[in-house]
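Residues per chain are reported as follows:
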Amino acid sequence: MGVRAALVQCAVASVAAWLSLAAPAAAQADDAAREAELLVQLREAETPQAAALIEAEIAAIWSRSGSAAIDLLLRRGRDALEAGDRQAAIEHLTAAIDHDPSFAEPYAARAIAYYMAGEVGPAVDDLRQALVLNPSHWPAMKGFASILEEIGREEDALEVWRRVTEINPQDAEAEAEAARLALALE
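Residues numbered from 1 in each chain as written. Predicted model: local features only at pLDDT ≥ 70, side-chain atom pairs only at ≥ 80, totals over all residues. Heavy atoms only, no water.

Student: Is there a simple way to explain the overall build of the chain in this structure?
Tutor: The helix and strand tally for the chain stands at 9 helices and 0 strands. Counting helices and strands in the order they occur from the N terminus, the chain gives α-α-α-α-α-α-α-α-α. Within the chain, buried positions represent 36% of all 186 residues. For the chain, the share of sequence-separated contacts (at least 6 apart) that also reach a separation of at least 24 residues comes to 49%. As displayed, the chain offers around 10,500 Å² of accessible surface, 58% of which is attributable to carbon and sulfur atoms. (Helix = DSSP H or I, 4+ residues; strand = E, 2+ residues; numbered from the N terminus. Buried < 20%, exposed > 50% of the residue type's maximum accessible area, 1.4 Å probe, protein only. Contact = heavy atoms within 4.5 Å. Areas by Shrake-Rupley, 256 points an atom, 1.4 Å probe, with all protein chains shown as cover.)

Pasting the structure below:
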């Protein structure tokens, strides 16, 4: 192989490596743009059925980290939660967070595991971090509102429930909880 062929081969390898690194970033940028569109559509959804379809698409976007390994850890954590194995869920979700602390979804899922394990403090910490990373994460808000009410902070809980209804007006649970708390606080 000549020098020129070696240089061309090296250049092709460099471009291929760059493209493999750029592809996940481009996919994440596409996901962010699509999420923004979907959040607008969710606010404008006219029926609960339409909102449910949009919610599912948003949840799918939120579940993609850009790393197959982290996505697998998230899925294993959720599977462990569904199986009632809180400790395994916490371990898998902690591993996902360790690999990518900027990924909100494992924090939200681990908050559920902590709460189910009776560890309210760590659950609140994880909900807070999920909301720092993804301020539109209405399921995390719902968990946070429930905990706020549980610890006697009804006015704060009402504010969070109302925020959920701003993001997702078709969320019947959030609407009912906001109405119930508003009535109770009058």
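Student: Mind showing me how you'd approach the pattern of salt bridges here?
Tutor: Two side chains with opposite charge may pair up if their charged atoms get near one another. What the rule picks out here adds up to 11 salt bridges. One salt bridge connects D31 with R64, and the closest N-O pair in it is separated by 2.9 Å. Separated by 33 residues along the polypeptide, D31 in helix α1 (residues 3-44) and R64 in the loop between α2 (48-62) and α3 (68-82) bring together distant segments of the chain. The partner of R153 in a salt bridge is D156, with the nearest N and O atoms 2.7 Å apart. According to the relative accessible area criterion, R153 is partly exposed, its value standing at 42%. Overall, the relative accessible area of 30% leaves D156 in the partly exposed class. (Salt bridge = Lys/Arg side-chain N within 4 Å of Asp/Glu carboxyl O.)

Student: Just to check I follow, could you spell out helix α5 (residues 104-116) for this structure?
Tutor: Residues separated by three or four positions in an α-helix point in the same direction, a consequence of the helix having 3.6 residues per turn. For α5, spanning 13 residues, the distance from its first C-alpha to its last is 19 Å, which sits close to the expected 18 Å at 1.5 Å a residue. Judged by how many residues are buried, α5 sits mostly within the fold: 10 of 13 residues are covered. G118 occupies a position one or two residues after α5 and carries a positive phi of about 80°. (Expected span 1.5 Å × (residues − 1).)

Student: What is the right way to read the packing of aromatic side chains from this model?
Tutor: Geometry of an aromatic ring pair is reported as the spacing of the ring centres plus the angle between the planes. Enumeration over the complete set of coordinates arrives at 1 aromatic pair. Both rings, one in W62 and one in W138, keep their centres 5.0 Å apart while their planes meet at 55°; by these two values the pair is tilted. Placement of the pair is W62 in helix α2 and W138 in helix α7 (residues 138-150), with a sequence separation of 76 residues. In this structure, W62 and W138 share a single accessibility class: buried. (Phe/Tyr/Trp six-rings, centres within 6.5 Å; stacked < 30°, edge-to-face > 60°.)

Student: Whenever I open this one, the confidence of the model for the chain confuses me. Can you help?
Tutor: Low pLDDT marks stretches whose predicted atomic positions should not be read closely. Confidence in the prediction for the chain averages 87 pLDDT; 84% of positions are at 70 or higher. Ranking the helices and strands of the chain by mean pLDDT puts helix α4 (residues 86-99) first, with 98, and α1 last, with 60. (pLDDT = per-residue confidence, 0-100.)

Student: Is there a simple way to think about the nonpolar core in this case?
Tutor: Generally speaking, nonpolar side chains in soluble globular proteins are found buried as a group. If you look at the biggest cluster of nonpolar residues, it comprises 47 residues, and the most contacted ones within it are L42, I54, I58, A89, W138, M141 and W161. For M141, the contacting residues outside a window of four places in its chain are L131, P135, S136, V160, R163, V164 and I167. (Core = buried A, V, L, I, M, F, W, Y, C linked by side-chain atoms within 4.5 Å.)

Student: Can you help me understand the environment of H99 in this one?
Tutor: Here H99 shows up in helix α4. Overall, the relative accessible area of 56% leaves H99 in the exposed class. Expressed as a C-alpha distance, the spacing of H99 and I70, which sit 29 residues apart in the sequence, is 7.0 Å. Contact partners of H99, with chain neighbours within four places excluded, come to I70 and L73.

Student: Is there a simple way to think about α7 in this case?
Tutor: Along its 13 residues, α7 runs 18 Å from first to last C-alpha, staying within 8% of the 18 Å computed at 1.5 Å per residue. Within the sequence span of α7, burial applies to W138, A140, M141, K142, A145, I147 and L148. At the C-terminal side of α7, G152 shows a positive phi close to 90°.

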